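# Structure assessment
One-letter residues, chain by chain:
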Amino acid sequence: MINQKKYAAIDIGSNAVRLLIMTITEQEGREAHFKKTSLVRVPIRLGADVFLTGRISEENIKRMVDTMEAFKLLMRSHRTEKFKACATSAMRESKNGEEVTQLIKEKTGLEISIIDGNDEAAIIAATDLHALIQTDKTYLYVDVGGGSTEFTLYSKGKTVTSRSFKLGTVRLLENMVSADVWKEVEEWIKKVTKEYTKIDLIGSGGNINNIFKSSGKANGKPLSFLYLSSYYQLLQSFTYEERITQLNLNQDRADVIVPAAKIYLSAMKWTRARRIYVPKIGLSDGIIKSLYQETLETSRA
């Protein structure tokens, strides 16, 4: 007997807002299978408002309401059973974040949870990361967003420590990350990884996925430090326009990809990692997995 259901996740980030719809197939005696059915991304870039002015602008509030209304219709068309919407760094820091979530609820009926960096790291850890992590190895998981970066250290298959820093691509573009923040991140990474001799990185986020895609590597194979370093130099050698025309990058990706590459490279340097694995997972996947887990636990209770 096979049972299928659809769950959705909305990830409201500092650079883009995403809707992920997954089909979950349940079969007696087997582990549930998750398949991505639809992914829609709208580059609203809330962080550009918030990190500069402390508020979400009227124009972007309107775009948010329209986007949520569209997402609601898409979820209805897909006959989605359950969904969860999470907002991260930009909404967290905006003075009118709660106000905006209230307005969206009034206009669309969709409820949004504003989560902190630790919740974000925990939700990401709920993804299929365990399938990639070998129990005899040590990894630093790096999830680069527009407003923050989440770092999680795994060793022997378990989480050792986790931390979120206000180091994000949109913040870096707006020159809103001080040298002190970089130093704090460097010191923290060196401190938590110093007792491990060999560490690999795991990277997630739209930018590293884009870099991985352009490498032509087979899924599951890592990128080397050398490859990432030379690609970063290539990105820097092009103008914003050239990145769009010659590297075929979207307008909202062509600028943030440079600071993102810098964050991953810095983390590799500070951990002495020679390679970075790029699984196709992120916050949206984690939201759906944790939503499914909650449902299972409720039905068992």
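Right above here is the structure, for reference.
My aim in this report is to walk through the structure given alongside it, one point at a time. Keep in mind it's a predicted model, so treat the numbers as computed, not measured.

### Examining unusual backbone geometry
If a residue is not glycine, its phi is most likely negative; likewise, a peptide bond is most likely trans. Of note, Arg79 is a non-glycine position whose phi angle comes to about 60 degrees, a positive value. Among the secondary structure elements, Arg79 is positioned in the loop between α2 (58–77) and β4 (82–87). Relative accessible area serves as the criterion here: at 71%, Arg79 is assigned to the exposed category. The backbone of Asn175 sits at a positive phi, close to 55 degrees, despite the residue not being glycine. Its place among the elements puts Asn175 in the loop between α7 (169–173) and α8 (179–193). Judged by its relative accessible area of 70%, Asn175 is exposed.

### Quick notes on the side chain of Asp252
Along the chain, the position of Asp252 falls in helix α12 (residues 251–254). Within the structure, the side chain of Asp252 is placed 2.7 Å from the side chain of Arg41, a separation counted as a polar contact. Apart from the residues within four sequence positions on either side, Asp252 is in contact with Asn15, Arg41, Pro43 and Arg45.

### Notes on the sheet that holds strand β3 (residues 33–42)
Pairing within the open sheet is mixed, and its five strands lie in the order β3-β2-β1-β4-β5. Because the sheet does not close on itself, it has two edges, and the strands there are β3 and β5 (112–114). Taken pair by pair, the neighbouring strands of this sheet meet at an average axis angle of 20 degrees, ignoring direction. Strand direction decides the pairing type here: strand β1 (residues 2–12) and β4, joined by six bridges, are parallel. Residue pairing for β4: Asp11 is matched across the bridge by Cys86. Taken strand by strand, α2 contacts β1, β2 (17–27), β3 and β4, and its axis lies near 20 degrees from that of β2.

### Quick word on the layout of surface pockets
For the largest pocket, the calculated volume is near 1,000 Å³. Arg18, Gly205, Gly206, Asn209 and Arg253 are the residues nearest the centre of the largest pocket, which is lined by 42 residues in total. Tallying contributions element by element places helix α9 (residues 206–215) first for the lining of the largest pocket, with six residues. For the lining of the largest pocket, a count of residues per class yields nine nonpolar, 21 polar and twelve charged.

The rules behind these values
Residues numbered from 1 in each chain as written. Predicted model: local features only at pLDDT ≥ 70, side-chain atom pairs only at ≥ 80, totals over all residues. Heavy atoms only, no water. Helix = DSSP H or I, 4+ residues; strand = E, 2+ residues; numbered from the N terminus. Buried < 20%, exposed > 50% of the residue type's maximum accessible area, 1.4 Å probe, protein only. Polar contact = N/O pair within 3.5 Å; in protein donor to acceptor, adjacent residues only side chain to side chain. Contact = heavy atoms within 4.5 Å. Pairing = 2+ DSSP bridges. Axes fitted to C-alpha atoms, helices over the stretch in contact; angles between N-to-C directions. 1 Å grid on protein atoms, 1.4 Å probe; cavity = no way out; pocket = protein on both sides within 12 Å on 5 of 7 lines; lining within 4 Å. Points joined across faces, edges and corners; volume = space filled by probe spheres on them. Nonpolar A, V, L, I, M, F, W, Y, C, P; charged D, E, K, R; others polar.

Purely geometric stuff here, so don't read any function into it on its own.
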